[in-house]
Amino acid sequence: MSEGISPTTCGVRLIMPHHLRTLAAVEGEILLQVAPPVSTRAVLDALEQRFPMLRGTVREHVTFKRRPKVRFYANEQDLTHQDPDTPLPEAIASGSKPFMIVGAISGG
Amino acid sequence: MTGIRVLVGTRKGGFILNSDEKRKNWTVEGPLFAGWEIYHMKGSPLNPNRIYASQNSSWFGQIIQRSDDGGKTWFQPGSVGEEPAVDEMSGMPKGESNKFVYDTSDETGKPLTTHQWYDGTQNPWEFARVWHLEPSLTELDTVYAGVEDAALFKSTDGGTTWQELSALRGHPTGPAWSPGAGGMCLHTIIIDPSNADRMFVAISAAGTFRTEDGGASWTPINQGLHSEYIPDPKAEVGHCVHRIAVHPDKPNVLFMQKHWDVMRSDDAGDSWYEVSGNLPTDFGFPIAVHAHEPETIYVVPITSDSLHYPPEGKLRVYRSRSGGREWEALTNGLPQENCYVNILRDAMATDSFDSCGIYFGTTGGQVYASRDSGDHWQAIVRDLPPVLSVEVQMLP
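For clarity, every value in this text was computed on a predicted model and none was experimentally measured. (Residues numbered from 1 in each chain as written. Chains lettered and ligands numbered in written order. Predicted model: local features only at pLDDT ≥ 70, side-chain atom pairs only at ≥ 80, totals over all residues.)

Along the backbone of chain B there are zero helices and 29 strands. Compactness check: chain B gives a C-alpha radius of gyration of 20 Å against a globular reference of 21 Å for 396 residues, within 12% of the reference. Taken along the three principal axes of its C-alpha coordinates, chain B extends 60 × 50 × 40 Å. Buried positions account for 54% of the 396 residues belonging to chain B. (Helix = DSSP H or I, 4+ residues; strand = E, 2+ residues; numbered from the N terminus. Rg over C-alpha atoms; globule rule 2.2 N^0.38 Å. Buried ≥ 20, exposed ≤ 12 C-beta atoms within 10 Å, placed from the backbone.)

Turning our attention to the interface of chain A and chain B. If you look at the interface, chain A gives 16 residues, while chain B gives 20 residues. Residue assignment for the side of chain A that touches chain B shows that the elements contributing at least two residues are α1 (18-24) and α2 (40-50) of chain A. Per element, the largest residue contribution to the side of chain A that touches chain B is three residues, and it comes from α1(A). Taken together, the residues of the side of chain A that touches chain B sort by class into six nonpolar, six polar and four charged. (Contact = placed C-beta atoms within 7 Å. Nonpolar A, V, L, I, M, F, W, Y, C, P; charged D, E, K, R; others polar.)

Further remarks concern the sheet that holds strand β4 (residues 77-78) of chain A. Strand pairing in a sheet takes place through backbone hydrogen bonds and is either antiparallel or parallel in direction. All names here are of chain A. The five strands lie next to each other as β2-β1-β5-β3-β4, forming an open sheet whose pairing is mixed. The outermost strands of the open sheet, each flanked by one partner alone, are β2 (30-34) and β4. Note: strand β1 (residues 10-15) against β2, five bridges, orientation antiparallel. Paired with Leu14 across the two strands is Ile30, which belongs to β2. α2 contacts β1, β2, β3 (70-74) and β5 (99-103) of the sheet and is inclined by roughly 110 degrees relative to β2. (Pairing = 2+ DSSP bridges. Axes fitted to C-alpha atoms, helices over the stretch in contact; angles between N-to-C directions.)

Take α2(A) next. Every buried residue of α2(A) is listed here: Thr40(A), Ala42(A), Val43(A), Leu44(A), Leu47(A) and Glu48(A). Turning to α2(A), the residues buried within the fold contact β1, β2, β3 and β5 of chain A.

This paragraph deals with the sheet that holds strand β19 (residues 262-265) of chain B. Residue and element names in this part refer to chain B. Strands sit in the order β17-β18-β19-β20 across an open sheet of four strands; the sheet is antiparallel. Of all strands in the sheet, those bounded by a partner on one side alone are β17 (241-247) and β20 (273-274). Where strand β18 (residues 250-258) meets β19, four bridges bridge the pair, whose relative direction is antiparallel. By the bridge assignment, Met256 is partnered in β19 with Met263.

Residues and elements named next belong to chain B. As for its position among the elements, Arg382 is in the loop between β28 (378-381) and β29 (387-395). For Arg382, a count of 12 C-beta atoms within 10 Å translates into the label exposed. With 198 residues separating them along the chain, Arg382 and Met184 place their C-alpha atoms 30 Å apart. Beyond its immediate stretch of four places on either side in the chain, Arg382 contacts Gly365 and Gln366.

Looking along a regular strand, one sees the side chains alternate between the two faces of the sheet. Residue and element names in this part refer to chain B. Counted residue by residue, strand β4 (residues 37-43) has seven buried out of seven residues, so it is predominantly covered. Bridging between β4 and strand β5 (residues 51-57) involves six bridges; their strand directions are antiparallel. Bridged to His40 within β5 is Ser54.

Time to look at the nonpolar core. One finds Val12(A), Val43(A), Val201(B), Tyr359(B), Val367(B) and Val390(B) to be the most contacted residues of the largest nonpolar core, which totals 129 residues. Ranked by the residues each element gives to this core, the list is headed by strand β14 (residues 199-204) of chain B, at five residues. Once residues within four sequence positions are removed from consideration, Val390(B) is found in contact with Val6(B), Val8(B), Ala347(B), Met348(B), Ala349(B), Tyr359(B), Phe360(B), Gly361(B) and Val367(B). (Core = buried A, V, L, I, M, F, W, Y, C linked by C-beta atoms within 7 Å.)

We now examine unusual backbone geometry. Of note, the bond from Pro36(A) into Pro37(A) is cis; its omega dihedral lies within 30 degrees of zero at 0 degrees. Checked against the element boundaries, Pro37(A) lands in the loop between β2 and α2. In this structure, the amide linkage connecting Gly30(B) to the following residue, Pro31(B), adopts the cis form with an omega of 0 degrees. You can see Pro31(B) is positioned in strand β3 (residues 27-32). Its identity is not glycine, yet Ala25(A) carries a phi of approximately 60 degrees, on the positive side. With respect to the helices, strands and loops of the structure, Ala25(A) is situated in the loop between α1 and β2. In this structure, Asn75(A) takes a positive phi of about 55 degrees despite not being glycine. One can find Asn75(A) in the loop between β3 and β4.

Following this line, the structure appears as structure tokens:
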């Protein structure tokens, strides 16, 4: 899909784990249009708006709590436990680095 | 009937096995939803092309999948393959086919907040997964879901949205329900074919419940059960019921495989008596009824609650042609040495060909089938991931 970057939104690159890409029927990295200020919540809102089949898979319905085994990495930092309304690093908002949704490493 | 479809849910995906009425040669399709746990797949008795699947991951939660073409293609109701269901107020796509939210509404007016935890304290109800999907016998778009933590949900729009039938969980005994080793799950849903308002459900570890009004009210039906592992062995609730089964021609006769004990009720669950008889052990998970003989039932004895494999390493299905008490071992075609698999509660099913077929899946990844009511068995597929559920669809 070809997407230009709107002057009123930021083009955020997003990388998802295999299972979520399968559910969303996408391959590789995706580009999301996110209204500033770009925060974890804003990125997830944009993701669920575009891919409603992902609602409930990254964060819970109703409470919007992050699912326990989901992690958020960006700009070589673990932002999992950061307040979801905290603005993300400029490198994410500008699209120079991707925001990553990661399934937590779990033994077995 | 010209063919048969066996729906197999496993720890790492779903599989569909197809054959004709001879049931000799099978094709295997899958894995569907590879890498996800498929707890259960079941087809509508009204339209065999309508199949529901419960897809789950401890990372990414619950997904409901639906096929309207016999499993060739799948979609999440309301999200893919259909026009998105859009919330009129927010304009957001709903994507609610996996939204299982417990009813805590003021209108219900019941303390639907906590249940007993392993240590005896109270713990909030927390949704984990859908164990069992039961399509309606009369309405194509109506389907029930039994979930963990134990509750019953209903969809009337083909799985697009779900509403809890909260009177079950709101029963006064609800705070006394507690999880079994596998969690606190509602794993069995039986709809009375002669009365759509009557349903039976079973919960580990609460017991069995019956509704006569479509889920508006529920009665615990556990009188006669005896469970040494709870403080009061004859308590109203707290029993670890593993599975119940019924023949459609005799909806008042229920059979139960309990944690320990094989039980029978002749009065729709009002009272139970033990029919374990000469079984080598009466611990086990599944129980099934012959398609044409309401007094012929099947169980797979497992060594004990600590040793979840067949006694002596011999995989034996036991059949009773007298509704219990007298059992015979069925071994022809089943491994009789070094077999240490388990057969889970939803992993046994029957077909309704003239010569009744019996099917079960193992945690070792085999699905065994018998075309002659259990006299002879063959593995129709091997080396799948651990099998969680087996269902059969008869194809016109």
